[in-house]
Structure formats: structure tokens, C-alpha cells
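Reading the structure
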Amino acid sequence: MGRSFWIVAALLMGVIVHISYVLFAPGFLFARQLEQSTKGKPYNSFFISSPANQSALLPVASSKSVVGICKFDLGNGSVELNAKLPRSYWTLSIYSQSGRQVYALNDVQAGTSEFKVELAKTKTFFQQLMGNGRADDATQIENLGWHAETSEPRGIAVIWIPIADELMRPQIESIMAGSTCKVQAP
């Protein structure tokens, strides 16, 4: 009886450790990689990542691609990503700090190469329940496709543009340099 109890206890402990690792490790690893790849870059700013950093943060993005990053912090309010992109294939993905994708868009879905996306903190259950009836709630519904919410206060918005010819990189970077990422005025 005593030996079988410890075997079952060890098996259960192994299952618990495995499940905990599978559920929580990816988020911690993404947050750590995010911090290392964007070290020295201020929050609520847009920058074009170097090929080495983009490969470290996004392994699927080749060094030939151009990657623009908006590192955001919603602690001071909503953040507006104002993107200016070339007329070519591109994707926009917004991730929370733990690596959960909360928004995705590409050039075909957007139908334009210049747009604004509002990044906001998700309302709590109590805030939704109380329904303060603000006028901006109606505006959010009207602009639903250009509004992303996350439950975590920090994260990144990644614009990825694959390029076939390395000589096009400076031209694409100069167009993307017109993009901004800043806290919205109240």
C-alpha cells in the first residue's frame, strides 16, 4: 500500500508539472524574448526592427523581411497605431505581453495602405456590467474593425512585409518610417 501510494503521487505530480509547463512556459518565454528584442526602445513608439532582432523575436520572419514594431503600454490610456505602408503584401498582428494574439489584419482585409488602429485595455466584468453609457462606446462599435483590446497592459503590434529583393528594403523602410504609435489624447 505504501509503495503504490508514492508511485501514484509521483505520477500525479509529474502530470501537474507537465500541464503547468505547457500552459505557462510559452507566455513567460515570449515575454522574456520580447523584452530582450526591444531592449532600449521606449514604450508607445514605432520602430523598424533590425534583421537580427526580428529573427530572434519572430522566427518565421526571414531576415529579408521588413518588420515594424509598435511596443505599447496601455497604462496611460489607449494607444493609437497610425500605419503608413507600401502597396504590397503585409500583415499586422497584435500580441499581448504573454504572446497571445489579439488582432490580425492583412493588406486585402484592410483595403488600404494607411490606417489607424486603436489599442485599448479590455473592460473588466464590473465595467461592462455597469455600462457607463459613454458616447465613445458608440464610436467603438462604429469603428470595430479598427479597434483591438487586450487584457494585459503591455504588448507589441508587428507589421511584417516580405520582400523578394534585398535592394527594396531601404525604400520600404522609408515608407514605414512614417508610421507612429502613441498614447491617444483624452
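Here, the structure is the one placed above.
Residues numbered from 1 in each chain as written. Predicted model: local features only at pLDDT ≥ 70, side-chain atom pairs only at ≥ 80, totals over all residues. Heavy atoms only, no water.

1. Considering the overall build of the protein
The cut-off we apply is this: A run of H or I in DSSP becomes a helix once it reaches four residues, and a run of E becomes a strand once it reaches two; helices and strands are each numbered from the N terminus. Contacts are assigned to residue pairs that have any heavy atoms within 4.5 Å of one another. Only the protein chains shown count as cover for residues, with accessible areas throughout obtained via the Shrake-Rupley method and a probe of 1.4 Å.
The secondary structure content of the protein amounts to six helices and nine strands. Restricting to contacts in the protein with at least 6 residues of sequence separation, those with at least 24 account for 76%. Summed over all atoms, the accessible surface of the protein reaches about 11300 Å², with 62% contributed by carbon and sulfur.

2. So, the packing of aromatic side chains
Quick note on the threshold: Each pair of aromatic rings taken from Phe, Tyr and Trp, with Trp reduced to its six-membered ring, is defined by centres within 6.5 Å and is described as stacked if the planes are under 30 degrees apart, edge-to-face if over 60, and tilted in the remaining cases. To sort residues, take the accessible area from a 1.4 Å probe on protein chains only and compare it with the maximum for the residue type: under 20% means buried, over 50% means exposed, and anything in between is partly exposed. For a lysine, the NZ atom is tested; for an arginine, the CZ atom; a charge sits over a ring if that atom is within 6 Å of the ring centre and within 35 degrees of the ring normal.
Summed over all chains, the structure comprises four aromatic pairs. Between Y89 and W160 the ring centres are 6.2 Å apart and the planes differ by 85°, which places this aromatic pair in the edge-to-face class. Of the two residues, Y89 sits in the loop between β3 (79-84) and β4 (91-96) while W160 sits in strand β8 (residues 154-161), which places them 71 residues apart along the sequence. Residue W160 is classed as partly exposed on the basis of its relative accessible area, which comes to 25%. Here W90 and F115 contribute two aromatic rings whose centre-to-centre distance is 5.2 Å and whose plane-to-plane angle is 20°, an arrangement assigned as stacked. Of the two residues, W90 sits in the loop between β3 and β4 while F115 sits in strand β6 (residues 114-121), which places them 25 residues apart along the sequence. On the accessibility criterion, W90 (1% relative accessible area) is buried. Above the face of the Y43 ring, K71 is positioned so that its terminal group lies 4.5 Å from the ring centre.

3. A few points about the pairing of strand β5 (residues 101-106)
As a reminder of what qualifies: Only strands joined by at least two bridges in the DSSP assignment are considered to pair.
Relative to β5, β4 runs antiparallel, the two sharing five bridges. Directly across from T91, in β5, lies its bridge partner N106. Taken together, β4 and the strand that follows it, β5, pair antiparallel across an intervening segment of four residues, in which G99 is found at a positive phi of about 95°.

4. Focus on the sheet that holds strand β1 (residues 45-48)
Sheets are built from strands that pair by backbone hydrogen bonding, the pairs being arranged parallel or antiparallel. Counted only if it meets this: Lines fitted to C-alpha atoms define the axes here, with helix axes fitted over just the stretch in contact, and angles between the N-to-C directions of these axes take values from 0 to 180 degrees.
Across the sheet, which stays open at both edges, the five strands sit in the order β1-β2-β8-β4-β5 with antiparallel pairing between neighbours. Each edge of the open sheet carries a strand with a single partner, namely β1 and β5. Taking each pair of neighbouring strands and ignoring which way they run, the sheet shows an average axis angle of 15°. Summarising the sheet, strand β2 (residues 66-73) and β8 pair through eight bridges and their orientation is antiparallel. Bridge assignment links F72 to a residue of β8, and that residue is G155. Relative to the sheet, helix α6 (residues 169-176) contacts β1, β2 and β8, its axis offset from that of β2 by approximately 25°.

5. So, the pattern of salt bridges
To be explicit about the condition: For this document, the term salt bridge refers to a Lys or Arg side-chain nitrogen within 4 Å of an Asp or Glu carboxyl oxygen.
The tally for this structure, following the rule as stated, stands at three salt bridges. The residue R154 makes a salt bridge to D73 at a minimum N-O spacing of 3.4 Å. With R154 in strand β8 and D73 in strand β2, the pair connects residues that are 81 residues apart, well separated along the chain. The exposure class of D73 is buried, given its relative accessible area of 18%.

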